[in-house]
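# Descriptive analysis of the structure
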Amino acid sequence: MCMERITSRNNTIIKDTKKLITSSRERKSRGLFVLEGLRLSFDVLNSVYKLKYLLFTDTAYNAHGEKLDLLISRAEEAYLITEELAEKISDTKTPQGVFAVCEMRKGEDKLGDKIIALDGIQDPANIGAVFRTAEALGISGIIISNSCDIYNPKALRASMGGVLRIIPTETDDLEKMLTELKKTHRVYSTVPDRSALAITEADFSAPCVCVIGNEANGVSEGVLALSDLLITIPMLGRAESLNAGAAAAITMWEMLR
């Protein structure tokens, strides 16, 4: 276990951690992501993610030493950093002084019977909300395609640890994956179209995948074409559609009730 104090802004560990927080390309290149804050960092203790290294301040340790000792015991390396450095690398206005750098994991081959597929979701808050709701309700698997980085700090915070408990399956070719899944699952796509079947009337008893589309353009044409059914959420108000996070939450509730 490496345990040292870092005080320099030019330290390589500090620079690398900042890059991981701010750059999706850096995260993908190194296969690492950063959990910031006490709650998210502690959530890694009850996950399958490997903790590469931990950064924490004296203030954080004085307040939460017992839990931080558990994190330190799980980490390959641990570093004590100054409050100034915590502020430098933080993505939040009020840093809590804890940063857990973890290895990414690939999704399991078996997605289960109740799956949500995200087709081109670009808002990190929506991505995080989907994971939070999916984990709470018991969705068996999540497919991510052409969407924003799920390890974006905003997505991680919005997920409230959900990303750590449902390992996503990522694909660049959603049509191909859904075509394969159609051998065992029904594929439903959500659309803001009154002519589609009301979601309250859809039959989710068999294994199924429900696709949530891009915030502006909806589900891609190719995915719509291969879907077994187009479903819609009936709305009585003047809004034409719901945001992706809300639409996904209602869809998952209907899938599992």
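Residues numbered from 1 in each chain as written. Predicted model: local features only at pLDDT ≥ 70, side-chain atom pairs only at ≥ 80, totals over all residues. Heavy atoms only, no water.

### Quick word on the layout of surface pockets
Volume-wise, the largest pocket comes out at about 510 Å³. In terms of lining, the largest pocket is formed by 22 residues, of which the most central are I144, P168, T169, E170 and T171. Of all the elements in the fold, those that place two or more residues in the lining of the largest pocket are β7 (141-145) and β8 (169-171). Residue contributions to the lining of the largest pocket peak at three residues, all from β8. Per-class residue counts for the lining of the largest pocket are eight nonpolar, six polar and eight charged. Of the pockets and cavities examined, the second largest pocket occupies roughly 300 Å³. Contributions of two or more residues to the lining of the second largest pocket are made by β11 (208-213) and α11 (244-256). When the residues that make up the lining of the second largest pocket are grouped by side-chain class, the tally is ten nonpolar, eight polar and one charged. (1 Å grid on protein atoms, 1.4 Å probe; cavity = no way out; pocket = protein on both sides within 12 Å on 5 of 7 lines; lining within 4 Å. Points joined across faces, edges and corners; volume = space filled by probe spheres on them. Helix = DSSP H or I, 4+ residues; strand = E, 2+ residues; numbered from the N terminus. Nonpolar A, V, L, I, M, F, W, Y, C, P; charged D, E, K, R; others polar.)

### Observations concerning the packing of aromatic side chains
The geometry of an aromatic ring pair is captured by the separation of the ring centres together with the interplanar angle, meaning the angle of the planes. Summed over the entire model, instances satisfying the criterion amount to five aromatic pairs. Aromatic pair Y53 and Y79: ring centres 6.1 Å apart, planes at 85°, arrangement edge-to-face. You can see Y53 sitting in strand β3 (residues 51-56) and its partner Y79 sitting in strand β4 (residues 77-81), a full 26 residues away along the chain. Seen in terms of ring centroids, F56 and Y61 are 5.9 Å apart; in terms of plane orientation they differ by 35°. Their pairing is tilted. Of the residues examined, F56 reaches a relative accessible area of 2% and is grouped as buried. Grouped by ring-pair contacts, the aromatic residues F33, Y49 and Y151 constitute a single cluster. (Phe/Tyr/Trp six-rings, centres within 6.5 Å; stacked < 30°, edge-to-face > 60°. Buried < 20%, exposed > 50% of the residue type's maximum accessible area, 1.4 Å probe, protein only.)

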